[in-house]
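# Per-entry structural report
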Amino acid sequence: MKKLLSFLGTIAISGTGLTTLVSCSAKASNNNDNGENNNDQDILLAISKEVKALLNDNLFKNYIDSGDDVNLQIIYDKVDNINDSYELDNTEPDDQKILNYLSDVVTKTITEVNQTIKKEYSNYYQNSNPIEYNSNDLKATIKYVDLQSLTSDLDIDIPGIENTKMVGIELNLSYKVNLKELNKTDALYKSSNVTNNIDAATLLNNKIYLVLQAELDKFMTENTEIDLNKTAEFQKIYNSFDISSLSSISDALKNKFQNFIKNSDLQKYKIKFNSTEFLANPKSFFDNVDNFTTWVKNDGSIAAGKMYPYIGHSMPYLFFGTGDSNNLENLTADTFVNKYLENNIPGFKIEDGKFVTLWTFNLDLSFINLYGMNLSGLMSTGKEENNQVFEGKIILSKEDLNQKLQNYGKIIVEFYKNYSAHLEQNKTSFKVSTEIFEKLKNSDDKSANFLIKTLKDSFINSDIAKTLEDINIFDMSNSFRAGVYKLNDDGSIYLGYAGGWSMDFTFGSNQNIKYTSNVYFAEGSITINN
């Protein structure tokens, strides 16, 4: 079975992987192909994540042997103890020779990764490649390695070190991942060392770690479990509920580690930090499909291809069934949260006093640059003969999680009450002011996007919304991006089956969790009256 089948109805969201999204574009149509297009976006994100991991694992491992290519010999002359950093310039002939070697290695690795992805997703890449790369998009910075000071200050004796040459190298590779008409631009930072003696360099790396380990053990002990709302560097993430964003978690941990080094005995050494990732092998709560019901994506919103089973769990049907003119009286933040956890994200249902694990991770030593030398390997605990790779956790207590979900639920409840909503099975009607009704009625833009945005903007600017906690990280969206409303004969505004649309309530600074309250499928509709 091809990998494609495992993604139908699921998603790996942005932010839960190592990728930093630079651009993602797609053409939206006004028809029911939007469900398929939405699923393609999910698959593109999953492919991009896999591409990043494969490139990181296979491209320029710990050391580059300068004996591999005659042109690499000149790399040692690019830096010295005075001019200790130099970015290779492709307009300089000698630099171009080095860049050509590096680019050839990148091209070979990308070709291998392309073949791997094409085998897994053969339905998508019959006559095309997933990765698009231009050699001009490879940047390389050379750094002087002061081996004499490094071995002297750390009191390390390495046989043959006096004849060893080494420079550090930091690579910045830009590339694009394509899927049908979708594309996603990404970048990979990779650090390594160029040397004429890999054996000596490997032994030096290992002995450096033994010198650093006592202090690093303190950091690992302090950060085995990081409580998101009880740790200063992470409270901003809790406040914005940006819990599915790897970049936010990574930046916070980098900052915590850098502060630790500055205040530790290690600050006496010449330690700098690279642009590479500090977190290795990150695993997110949002990557585990078991934390979600089968009809939702890994953010809680409706999954493409799962609209029929989801209908029974959308807001009108799930909460009120046949409906009642006073049905909003029974809609509270508590009832919403309980239903949402049960029917969308059961992984958030934890016992009192317990914690949910949001992330697990290892720590990559390549983030550290010591006297110009880029370290390698994963941070580990224990003695050399009995060490274990460190694994840390980002956790959140039930009480802190529930507080955020209650805020989310209260906002949604007040949204419905603000518009005196009536909900029945998969239909919802809203009562709006004359001003809002006329704005919708007379607008040239009669897209579902415009209707949803108009309702959201009016609500957010209301007096009640201004009193709601976390209203600043609340938003609304249309995951299918299509749909057009019309004027009914009775004078109401009607958004029905035509096109593909959904009304999603999102929460978190990067729309980290969502709830699809209404969707176009199976007679789903929204009616606006004044």
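Everything here concerns the structure above.
Residues numbered from 1 in each chain as written. Predicted model: local features only at pLDDT ≥ 70, side-chain atom pairs only at ≥ 80, totals over all residues. Heavy atoms only, no water.

## Re the overall build of the chain
Across its full length, the chain holds 13 helices and 24 strands. When the 530 residues of the chain are sorted by exposure, 54% land in the buried category. Summarising the internal contacts of the chain: among those between residues at least 6 apart in sequence, 76% fall at separations of at least 24. (Helix = DSSP H or I, 4+ residues; strand = E, 2+ residues; numbered from the N terminus. Buried < 20%, exposed > 50% of the residue type's maximum accessible area, 1.4 Å probe, protein only. Contact = heavy atoms within 4.5 Å.)

## Some points on the pairing of strand β24 (residues 525-529)
A large share of β24 lies buried, amounting to four of its five residues. Pairing geometry for strand β18 (residues 427-431) and β24, over five bridges, is parallel. Bridge pairing in β24 places F430 opposite I528. With three bridges connecting them, strand β21 (residues 493-495) and β24 associate as antiparallel partners. (Pairing = 2+ DSSP bridges.)

## What to know about the nonpolar core
Counting 114 residues, the largest nonpolar core has F348 and Y416 as the members making the most contacts within it. In terms of residues, this core owes the most to one element, helix α5 (residues 198-222), which gives nine residues. Membership of the second largest hydrophobic core comes to 39 residues, among which are Y121, Y124, A140 and Y175. (Core = buried A, V, L, I, M, F, W, Y, C linked by side-chain atoms within 4.5 Å.)

## Points about the sheet that holds strand β9 (residues 271-273)
Reading across from one edge, β9-β12-β13 is the order of the three strands in this open sheet, with antiparallel pairing throughout. Looking at which strands have only one partner, the edges of the open sheet turn out to be β9 and β13 (373-374).

## Structural notes on the pairing of strand β6 (residues 166-179)
Where burial is concerned, most of β6 is hidden: eleven out of the 14 residues are buried. Strand direction decides the pairing type here: strand β4 (residues 131-132) and β6, joined by two bridges, are antiparallel. Counterpart to I131 in the pairing with β6 is V177. The pairing of strand β5 (residues 138-144) with β6 spans seven bridges and is classified as antiparallel. Across the sheet, residue K143 finds its bridge partner in β6, namely G168. Bridge count for β6 against strand β7 (residues 182-195) is 14 bridges, and the pairing is antiparallel. Within β7, the position partnered with V167 by the bridge is V194. Taking the residues that link successive antiparallel strands as the turn, the β6-β7 hairpin has two residues, and the phi of K180 there is positive, at about 55°.

## Observations concerning helix α12 (residues 434-442)
Among all positions in α12, only I436, F437 and L440 are buried. Buried residues of α12 fall within an arc of 100° about the axis and therefore sit on the same side. Among the exposed residues of α12, those pointing more than 90 degrees away from its buried face are T434, E435 and N442. For α12, the secondary structure elements touched by its buried residues are α13 (448-460), β21 and β24. (Arc of directions from axis to C-beta.)

## Thoughts on the packing of aromatic side chains
How two aromatic rings sit relative to each other is set out by the distance from centre to centre and by the angle between their planes. Counted according to the given criterion, the structure contains 31 aromatic pairs. With centroids separated by 5.3 Å and ring planes inclined at 55°, the aromatic side chains of F219 and F260 adopt a geometry described as tilted. In this pair, F219 is assigned in helix α5 and F260 in helix α7 (residues 246-262), connecting sequence segments 41 residues apart. Across this residue pair, the class does not change: F219 and F260 are buried. Ring geometry for Y340 and Y515: centres 5.8 Å apart, planes at 85°, overall edge-to-face. Of this pair, Y340 sits in helix α10 (residues 333-343) while Y515 sits in strand β23 (residues 513-519), and the two are 175 residues apart along the sequence. (Phe/Tyr/Trp six-rings, centres within 6.5 Å; stacked < 30°, edge-to-face > 60°.)

## What to know about the packing of α10 against helix α11 (residues 398-418)
At a minimum axis distance of 8 Å, the contact between α10 and α11 shows a crossing angle of 115°. As far as their axial angle goes, α11 and α10 are roughly perpendicular. The handedness of the crossing between α10 and α11 is right-handed. In this structure, α10 contributes A333, D334, F336, V337, Y340 and L341 to the contact, and α11 contributes N402, L405, Q406, Y408, G409, K410, I412 and V413. Among the residues forming the contact of α10 with α11, the class breakdown is nine nonpolar, three polar and two charged. (Axes fitted to C-alpha atoms, helices over the stretch in contact; angles between N-to-C directions. Parallel < 35°, antiparallel > 145°, perpendicular 65-115°, else oblique. Left-handed = near helix turned anticlockwise from the far one by under 90°. Nonpolar A, V, L, I, M, F, W, Y, C, P; charged D, E, K, R; others polar.)

## Side note on the side chain of S443
Note that S443 resides in the loop between α12 and α13. A polar atom in the side chain of S443 sits 3.0 Å from the backbone oxygen of D445. Leave out the neighbours within four places in its chain, and S443 touches F450 and Y485. (Polar contact = N/O pair within 3.5 Å; in protein donor to acceptor, adjacent residues only side chain to side chain.)

## Some points on the sheet that holds strand β11 (residues 355-363)
The mixed open sheet is built from four strands, whose spatial order is β8-β16-β11-β10. In the strand order of this sheet, the two ends are held by β8 (225-227) and β10 (279-284), each with one partner. Ignoring strand direction, the axes of neighbouring strands in this sheet form an average angle of 25°. Here α11 sits on the sheet and contacts β8, β11 and β16 (392-397); the angle it forms with β16, its principal contact strand, is near 60°.

## Thoughts on α5
An ideal rise of 1.5 Å per residue puts 36 Å on 25 residues; α5 measures up with 34 Å between its terminal C-alpha atoms. Buried within α5 are the following residues: A200, A201, L204, N205, I208, Y209, L212, Q213, E215, L216, F219 and M220. (Expected span 1.5 Å × (residues − 1).)

## Quick look at the packing of α12 against α13
Two numbers describe how α12 lies on α13: the axes approach to 11 Å, and their chain directions differ by 160°. Relative to α13, α12 is oriented roughly antiparallel. Helix-helix and strand crossings are classified by hand; for α12 and α13 the assignment is right-handed. Contact with α12, carried on its side by I436, K439 and L440, involves F450, L451, T454 and S458 of α13 and no other residues of that element.

## Focus: the environment of S525
Within the secondary structure, S525 sits in strand β24. Using a relative accessible area of 3% as the deciding quantity, one classes S525 as buried. The sequence separation of S525 and S429 amounts to 96 residues, and the corresponding C-alpha distance is 8.3 Å. In this structure, S525 is in contact with N426, K427, T428, Y494, L495, G496, W501 and N518, ignoring residues within four places of it in sequence.

## Some details on the environment of D95
Mapped onto the fold, D95 is located in helix α3 (residues 93-120). Given a relative accessible area of 0%, D95 falls into the buried group. Linking D95 and K78, residues 17 residues apart in sequence, is a C-alpha distance of 9.0 Å. When residues no more than four places from it in sequence are discounted, the contact partners of D95 are K78, Y86, E87, L88 and D89.

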